[in-house]
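Notes for the structure review
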Amino acid sequence: MPRSVRPRTERLRTGALLVRRVPFGEADLLVGLFTEQGGLISATARGARRSAKRFPALEPMHLLRVTLEIRPGAELAQLTEAAIERPRLRLAADLGRLEVAGRALRWVREIAPAHTAEQAAWSELNQLLDRLDEVSTPPPQALLAETGLRLLVAFGWGLELTQCVRCGRACDTTQSACADPARGGLVCRACGGGPVVLRPEPRERLLAAMLGGAPIPEEDVPLALDLVEGALTAHASGN
Ligand SMILES: [Zn+2]
């Protein structure tokens, strides 16, 4: 009877987005990939710096198709193939759009759990990148704010904007309310309140954007981004 069975290396072929690339060893790259089927995966790309021909597709923003070899227990997977499945050339050529896309990729890199498929987050992120690649897009910051609110929902951290997260008391829809994004949404005054004041109309609009995909008007964008950043920072530090 064999005393031990060698753990089998799993081969994963999946859609992927490049979220990180850093030099590794003498000629390799360490890459972070947010993948459709395996979530966030760190991998080495051997020889990627010695020859650009080895992995010509290792660029951010484009939808990639990669093959990874994942050894059980190993911290790093090995990237064996990468090809561009859907290029996003308009996005890649526009600084304003690139900045917005880069911020969304960073969010996902910081909060996605390793080796866990996150279908909803995968769709949200790719939808954002596709829209940023269209000929004419809504203001990129507004798209980013919308995506941020929905990424929170996708990761199970959707902001509670209708009642206090502490005591559950419903918020009066005609009154301003306090929110603490780090605590997940509205916090009534009796429960200590929060640093962000939400007037009834913007609160309604953000709720519609978060749950129904309504566009966020430009005047609400800074507020929405504050809430998203506040919530993401709290979750990222908990990782
Ligand atoms: Zn309360």
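Residues numbered from 1 in each chain as written. Predicted model: local features only at pLDDT ≥ 70, side-chain atom pairs only at ≥ 80, totals over all residues. Heavy atoms only, no water.

Quick notes on the coordination of the zinc ion
What counts here: Only N, O and S atoms count as donors, using a 2.8 Å cut-off from the metal and 3.2 Å for Na, K and Ca, and because water is excluded some sites may appear unfinished. Tetrahedral means four donors with every angle between 85 and 135 degrees, whereas square planar (four donors) and octahedral (six donors) require angles over 155 degrees between opposite donors and between 65 and 115 for all others; sites fitting neither are termed irregular. Counting from the N terminus, the helices are the DSSP runs of H or I reaching at least four residues and the strands are the DSSP runs of E reaching at least two. Here's how the labels work: a residue is buried when its accessible area is under 20% of the maximum for its type, exposed when over 50%, partly exposed in between, all with a 1.4 Å probe on protein chains only.
Surrounding the zinc ion are the protein donor atoms Cys 164 (SG), Cys 167 (SG), Cys 188 (SG) and Cys 191 (SG), at 2.3 to 2.4 Å. Taken together, the 4 donor atoms surrounding the zinc ion define angles of 104 to 116 degrees at the centre, an arrangement classified as tetrahedral. All donors of the zinc ion come from a single chain, and their spacing in sequence reads C-x2-C-x20-C-x2-C. Linking Cys 164 in the loop between α4 (140-154) and β6 (177-180) with Cys 191 in the loop between β7 (185-186) and β8 (196-198), this pair joins segments that are 27 residues apart in sequence. According to the relative accessible area criterion, Cys 164 is buried, its value standing at 4%. A relative accessible area of 24% means that Cys 191 is categorised as partly exposed.

Focus: the UniProt feature "domain: DNA replication/recombination mediator RecO N-terminal" (unreviewed entry) in the chain
Put simply, the test is: UniProt positions are given in the numbering used here, feature names are shortened, and annotations may be inferred rather than shown by experiment.
Summarizing the sequence annotation, UniProt attributes the feature "domain: DNA replication/recombination mediator RecO N-terminal" (unreviewed entry) to residues 13-85 in the numbering used throughout. Here residues 13-85 runs as 0% helix and 60% strand, with 12 Å between its end C-alpha atoms.

Section: the packing of helix α2 (residues 95-111) against α4
Stated formally: Comment: axis = line fitted to C-alpha atoms, over the contacting stretch for helices; angle = value between 0 and 180 degrees taken between N-to-C directions. For this classification, under 35 degrees means roughly parallel, over 145 means roughly antiparallel, 65 to 115 means roughly perpendicular, and everything else is oblique. Take the far helix as your reference; a near helix turned counterclockwise from it by less than a right angle gives a left-handed crossing, and one turned clockwise gives a right-handed crossing. Two residues qualify as a contact provided that any one of their heavy atoms is within 4.5 Å of a heavy atom in the partner residue.
Following both chains from N to C, one finds α2 and α4 inclined at 10 degrees, their axes separated by 9 Å at the closest point. Overall, the two elements α2 and α4 adopt an arrangement that is roughly parallel. The interaxial crossing formed by α2 with α4 has right-handed handedness. Of α4, the residues touching α2 (which contributes Arg 97, Glu 99, Val 100, Arg 103, Ala 104, Trp 107 and Val 108) are Pro 140, Gln 141, Leu 144, Gly 148 and Leu 151.

As for the side chain of Glu 146
The topology assignment puts Glu 146 in helix α4. With relative accessibility at 5%, the residue Glu 146 sits in the buried group. With near-sequence residues (within four places) excluded, Glu 146 lies in contact with Arg 131, Ala 209, Gly 213, Ala 214, Pro 215 and Ile 216.

What about the sheet that holds strand β2 (residues 28-35)?
Whether parallel or antiparallel, the strands of a sheet pair through hydrogen bonds between backbone atoms. Applied cut-off: In this scheme, strands are said to pair when DSSP sees at least two bridges between them.
Pairing is mixed around the closed barrel formed by 5 strands, whose spatial order is β1-β2-β3-β5-β4. Mean inter-strand twist for the sheet, computed between neighbouring axes without regard to direction, equals 50 degrees. Relative to strand β3 (residues 39-45), β2 runs antiparallel, the two sharing 7 bridges. Across the sheet, the residue bridging to Val 31 is Ala 43, located in β3. Taken strand by strand, α2 contacts β1 (10-24), β2 and β3, and its axis lies near 110 degrees from that of β1. Of the strands in this sheet, β1, β2, β4 (63-70) and β5 (77-86) touch helix α3 (residues 119-132), which is tilted by about 60 degrees from β1.

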